[in-house]
Amino acid sequence: MIYLQLFYIFFKVGLVGFGGGYAILPMIYQDVQTFGIITADEFSNLVALSQVTPGPIAINAATYVGFKSAGLLGAIVASVGVSMPSFIIIMIVMSFIARFKENRVVQAVLAGIKPATVGLMASAFMFMASTALFNSEVSICNVQSLIDSINVIAIAIFILIFALIRLTRLGAITLTLLGGVLGVVLCLII
């Protein structure tokens, strides 16, 4: 039964998840919570691990969730599930692309998908920010609770990495590894 659930979750994510890994993270999170497969903290770890391992985030996330919930076979089933819709859709689209690339309806659909994708990525950012930058669940209605829950080390690393992205040409892997090193150093010192 768990294998069917994993395949269903990730086939659906692969089928309707537009915008890449970060845009589909909220969909993956919602589905794994519905089935009670992993906790919010485990999901936050999944996102961090998916970022530092090679490959697309969706496949890394599927592999992690599948392995965590059903071992090696679960990882394979979830990974195939998330990959299969893209493979099928690309094969179909490629056969028709030349005929429809100038079509106004197709261009209009893409014009609507782009801002929706930005909204999905913003949702993923909000989820990650709430779990990575704060020590507990945050209530924006209670200012003292908000201030008390701030993870100063995480905020410092976030600001530094954000500044380095804007000011240098360091790659994502280098910056991610730097963040990990800073986390170790700062957590051991403080």
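Predicted, not measured: the structure shown is a model, and the values here were computed from it.

All right, on to the packing of helix α7 (residues 152-167) against helix α8 (residues 172-189) then. Where α7 contacts α8, the axes come no closer than 10 Å and their chain directions differ by 150°. Taken together, the axis directions place α7 and α8 in an arrangement best described as roughly antiparallel. For the pair α7 and α8, the crossing hand works out as right-handed. Across the interface between the two elements, Ile153, Ile157, Leu160, Ile161, Leu164 and Ile165 from α7 touch Leu175, Leu178, Gly179, Leu182, Gly183, Leu186 and Cys187 from α8. Tallied by class, the residues present in the contact of α7 with α8 amount to 11 nonpolar, two polar and no charged.

Taken as a whole, the largest pocket spans an internal volume of roughly 1,700 Å³. The wall of the largest pocket is formed by 40 residues, among which Ala48, Met128, Ala132, Leu133 and Phe158 lie closest to the centre. For the lining of the largest pocket, the elements supplying multiple residues, two or more each, are α3 (40-52), α5 (104-132), α7 and α8. Counting residues per element, the lining of the largest pocket draws most heavily on α5, at nine residues.

Further remarks concern the nonpolar core. Leu6, Phe10, Ile28, Phe43 and Val65 are the most contacted members of the largest nonpolar core, which has 24 residues in total. Counting residues per element, the ones that place at least two in this core are α1 (2-16), α2 (21-34), α3, α4 (57-100) and α5. If you tally residues by element for this core, the top one is α4, at nine residues. If we skip the residues at most four places from it in the chain, Ile28 touches Phe10, Val13, Phe43 and Ala61. Counting five residues, the second largest nonpolar core, distinct from the first, contains Ile157, Ile161, Leu164 and Leu175.

Over its 16 residues, α7 runs 22 Å from end to end, which matches the ideal 22 Å to within 8%, given 1.5 Å per residue. Three or more residues of α7 are buried, namely Ile153, Ala154, Ile157, Ile161 and Leu164. The arc enclosing the buried residues of α7, seen along the axis, measures out at 95°, which places them on a common side. α7 presents Val152, Ile159, Arg166 and Leu167 as exposed residues on the side facing more than 90 degrees away from its buried surface.

When two helices pack together, their arrangement is captured by the angle between the axes and the distance separating the axes. At a closest axis distance of 10 Å, the pairing of α3 and α5 adopts a crossing angle of 110°. On the basis of the axis angle, α3 is roughly perpendicular to α5. As for how α3 packs across α5, the hand of that crossing is left-handed. Residues Ala40, Phe43, Ser44 and Val47 of α3 form the contact with α5, whose own contacting residues are Phe127, Met128 and Thr131. For the contact of α3 with α5, the residue count by class is five nonpolar, two polar and no charged.

Definitions and cut-offs
- Residues numbered from 1 in each chain as written.
- Predicted model: local features only at pLDDT ≥ 70, side-chain atom pairs only at ≥ 80, totals over all residues.
- Heavy atoms only, no water.
- Axes fitted to C-alpha atoms, helices over the stretch in contact; angles between N-to-C directions.
- Helix = DSSP H or I, 4+ residues; strand = E, 2+ residues; numbered from the N terminus.
- Parallel < 35°, antiparallel > 145°, perpendicular 65-115°, else oblique.
- Left-handed = near helix turned anticlockwise from the far one by under 90°.
- Contact = heavy atoms within 4.5 Å.
- Nonpolar A, V, L, I, M, F, W, Y, C, P; charged D, E, K, R; others polar.
- 1 Å grid on protein atoms, 1.4 Å probe; cavity = no way out; pocket = protein on both sides within 12 Å on 5 of 7 lines; lining within 4 Å.
- Points joined across faces, edges and corners; volume = space filled by probe spheres on them.
- Core = buried A, V, L, I, M, F, W, Y, C linked by side-chain atoms within 4.5 Å.
- Buried < 20%, exposed > 50% of the residue type's maximum accessible area, 1.4 Å probe, protein only.
- Expected span 1.5 Å × (residues − 1).
- Arc of directions from axis to C-beta.

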